[in-house]
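For reference, the chains in residue letters:
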Amino acid sequence: WAIVYVMSLYIWNIDFQGNFKHTDSELYRFLAEIDIKEGIKKEKIDGEIIEKAIRNKYFDITWASVDISGTKLTIHIRENINDFDKDIDNNSEPALNDDKPGDLVSCKEAEIVSIITRNGKPLVKAKDTVKKGDVLISGKYELYKDDMTVLNERNVRADGDVVGKVVYTIDETIPREYVKKVYTGNEFNENNYIIGEYEVDSRINFHNEKDKKYDVYTYNEQLVIGKSFYLPIFNEKIIYREYYLEDDIYSESVIKELASKKLLYKIKKIEENTIQILENNVKIEVDEKFCRVYGQITALQNIGTFGGTYEWDWKYKGYV
């Protein structure tokens, strides 16, 4: 009981609640920087200091609270989720460039299907063929007098919706030969104990034999009394499953199924960036050695993307 009492004076488990943007590992590292880690005496923990340190370090954490139960330290935090949503919104342009002039360019080689211009001068029309990087809507356009002479040139941030017909080419070969694992049925277990910084090792050397191969599965479990009285003792269970390698060949049905799954994945990735798939002319063919997936997928896609801002040229006193 004396040992249990001494252990009860320390923190042996640290947990975080309410964190979404900041991972447990990140918060663990920060606590270690301020000397808060497993094995610290409870009497050295000042909740107000920890709470203040977390808020000062992470400006998007608006509230923090420290709770000690048994030998477990729990830190509850609340993050500003609105700021988090802004961080993960990769589709928004930096506000600094929102009003700077520039072109709308094509992100794909495509045949133009439709174009709607909200700002700027359209340089393409339906049925035109464009390459990646071609200007679709220019941010430079002229204002004319009644006699059709140029009054001046205006520079704006080009904007609009340009839909193109994009052709994706697929050509992939999958070999039918492969190396497979064959499990022998032999399985070996080890139980090790980690007490503080010391490890009681019960490992045996059968799995170190060069001609043997094993899948290794490791499970760690911390010893706890009740719900919150954690002890610095871990039970490490290791399972070894013996196997050997054998050359094999996929049957025609299996290789076709693998090819179909690969094709389905590619189609889903295309669908993420397109409006509609118009045609799917992809074939799967199998011979003695290979399975080939080849053909074309035609889709409608928004191909306009902002091509960057113009730079101001002081010599010519204009955007270039």
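Now for a look at the structure at hand. As the structure is a computational prediction, the values presented were derived from the model and not from experiment.

**Considerations on the overall build of the chain**
A count of helices and strands for the chain gives five helices and 20 strands. Buried residues in the chain amount to 31% of all 320 residues. Looking at the chain alone, contacts between residues at least 24 apart form 65% of all its contacts between residues at least 6 apart. If you sum the accessible surface of the chain, you get close to 21500 Å²; carbon and sulfur atoms cover 49% of it.

**Quick look at a nonpolar patch on the surface**
A surface patch of nonpolar side chains, amounting to about 280 Å² of accessible area, comprises Tyr5, Val6 and Leu9. Taking relative accessible area as the criterion, Tyr5 reaches 53% and is therefore assigned exposed.

**Remarks on helix 5 (residues 252-272)**
Here helix 5 is 21 residues long and its end C-alpha atoms lie 30 Å apart, about the 30 Å a rise of 1.5 Å per residue gives. Listing the buried residues of helix 5 in full gives Ile255, Ala259, Leu263, Ile267 and Ile270. End-on view of helix 5: buried residues confined to an arc of 110°, all on one side of the axis. Residues Ser253, Lys261, Tyr265 and Glu272 are exposed on helix 5 and point more than 90 degrees away from its buried face. Packing partners of the buried residues in helix 5 comprise strand 11 (159-175), strand 16 (276-286) and strand 17 (290-302).

**Concerning helix 3 (residues 47-57)**
Three or more residues of helix 3 are buried, namely Ile50, Glu51, Ala53 and Ile54. Considered in projection along helix 3, the buried side chains sweep an arc of 165° and stay on one side of the axis. Exposed and facing more than 90 degrees away from the buried side of helix 3 are Glu48, Ile49 and Lys52. In this structure, the buried side of helix 3 is in contact with helix 2 (24-33), strand 2 (61-69) and strand 3 (72-79). Where helix 3 begins, the side chain of Asp46 points an oxygen toward the backbone nitrogen of Glu48, at a separation of 3.1 Å.

**Side note on the sheet that holds strand 3**
Taken in spatial order, the three strands make up an open sheet running 1-3-2, and their pairing is mixed. At either end of the open sheet lies a strand with only one pairing partner, and these are strand 1 (13-17) and strand 2. Within the sheet, the average angular offset between the axes of one strand and its neighbour, ignoring direction, is 20°. Relative to strand 3, strand 1 runs parallel, the two sharing five bridges. When the sheet's bridge partners are listed, Ile14 is paired in strand 3 with Leu73. On the sheet, helix 2 packs against strand 1 and strand 3 and is oriented at approximately 125° with respect to strand 1.

**Notes on the sheet that holds strand 17**
If you trace the five strands from one edge of the open sheet to the other, you get 7-5-11-17-16, paired in antiparallel fashion. The open sheet has two free edges, formed respectively by strand 7 (129-130) and strand 16, since each of these has just one partner strand. The pairing of strand 11 with strand 17 spans 13 bridges and is classified as antiparallel. Bridge pairing in strand 17 links Val167 to Thr298.

Reading the values: the criteria
- Residues numbered from 1 in each chain as written.
- Predicted model: local features only at pLDDT ≥ 70, side-chain atom pairs only at ≥ 80, totals over all residues.
- Heavy atoms only, no water.
- Helix = DSSP H or I, 4+ residues; strand = E, 2+ residues; numbered from the N terminus.
- Buried < 20%, exposed > 50% of the residue type's maximum accessible area, 1.4 Å probe, protein only.
- Contact = heavy atoms within 4.5 Å.
- Areas by Shrake-Rupley, 256 points an atom, 1.4 Å probe, with all protein chains shown as cover.
- Patch = residues over 30% accessible without salt bridge, like charges linked within 9 Å, V, L, I, M, F, W, Y side chains within 5 Å.
- Salt bridge = Lys/Arg side-chain N within 4 Å of Asp/Glu carboxyl O.
- Expected span 1.5 Å × (residues − 1).
- Arc of directions from axis to C-beta.
- Polar contact = N/O pair within 3.5 Å; in protein donor to acceptor, adjacent residues only side chain to side chain.
- Pairing = 2+ DSSP bridges.
- Axes fitted to C-alpha atoms, helices over the stretch in contact; angles between N-to-C directions.

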